[in-house]
Amino acid sequence: QVQLVESGGGLVQAGGSLRLSCVASGNIFSMYDMAWYRQALGKQRELVATITGSSDTNYVDAVKGRFTISRDNAKNSVYLQMNSLKPEDTGVYYCSAARRVSGILRRYWGQGTQVTVSS
């Protein structure tokens, strides 16, 4: 079992920046692939960015060049640096940890942190 706690959300004007943090419990954090998802009001949850245990990253096209995902395995933490924010980036941002155990994908979620970008 992994517990995830996000922080860093808030209200920001368009063009501004925020840095989200997610701290995980447990001592095998480096074995998990980490990701940030977001969910806008009335829409489905969507993947934003991923980072593997070896720090390979991937981004959805809408945030490429603006967002940066990173991790610090010594601190059991993953981060999402969000620059040049747009109103369409508004939503609840969720941290996710995933690991395949005996062929079964196990995924864990944080409680989410609200990001609101005003125009």
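Residues numbered from 1 in each chain as written. Predicted model: local features only at pLDDT ≥ 70, side-chain atom pairs only at ≥ 80, totals over all residues. Heavy atoms only, no water.

A. Molecular detail of the environment of Leu4. With respect to the helices and strands, the residue Leu4 is situated in strand β1 (residues 4–7). On the basis of relative accessible area, Leu4 is assigned to the buried category, the value being 6%. When the C-alpha atoms of Leu4 and Tyr94 are compared, they prove to be 9.3 Å apart, with 90 residues separating the residues in sequence. Those residues within four positions of Leu4 in sequence are excluded, and the remaining contacts are Cys22, Val23, Ala24, Met34, Cys95, Ser96, Ala97, Tyr108, Trp109, Gly110 and Gln111. (Helix = DSSP H or I, 4+ residues; strand = E, 2+ residues; numbered from the N terminus. Buried < 20%, exposed > 50% of the residue type's maximum accessible area, 1.4 Å probe, protein only. Contact = heavy atoms within 4.5 Å.)

B. Up close: the side chain of Thr113. For Thr113, the position within the fold is in strand β11 (residues 113–118). The class of Thr113 is buried, set by a relative accessible area of 11%. A distance of 3.2 Å separates a polar side-chain atom of Thr113 from the backbone nitrogen of Gly9. Beyond its immediate stretch of four places on either side in the chain, Thr113 contacts Glu6, Ser7, Gly8, Gly9, Leu20, Gly91, Val92 and Tyr93. (Polar contact = N/O pair within 3.5 Å; in protein donor to acceptor, adjacent residues only side chain to side chain.)

C. Representation of the state of the cysteines in the model. Using the criterion set out here, one finds one disulfide in the structure. The side chain of Cys22 participates in a disulfide bridge whose partner is Cys95; the two sulfur atoms lie 2.1 Å from each other. Residues Cys22 and Cys95 are joined by a disulfide whose S-S torsion is about -80 degrees; by sign, that bridge is left-handed. Remark: Cys95 occurs in strand β9 (residues 91–101) and Cys22 occurs in strand β3 (residues 18–24); sequence separation between them is 73 residues. (Disulfide = S-S within 2.5 Å.)

D. Representation of the pairing of β9 in the model. Bridging between strand β4 (residues 33–39) and β9 involves seven bridges; their strand directions are antiparallel. Within the sheet, the bridge partner assigned to Tyr37 lies in β9 and is Tyr94. Across three bridges, the pairing between β9 and β11 is antiparallel. Bridge pairing in β11 links Val92 to Gln114. Bridge analysis of β9 against strand β10 (residues 104–109) gives six bridges, and the strand direction is antiparallel. (Pairing = 2+ DSSP bridges.)

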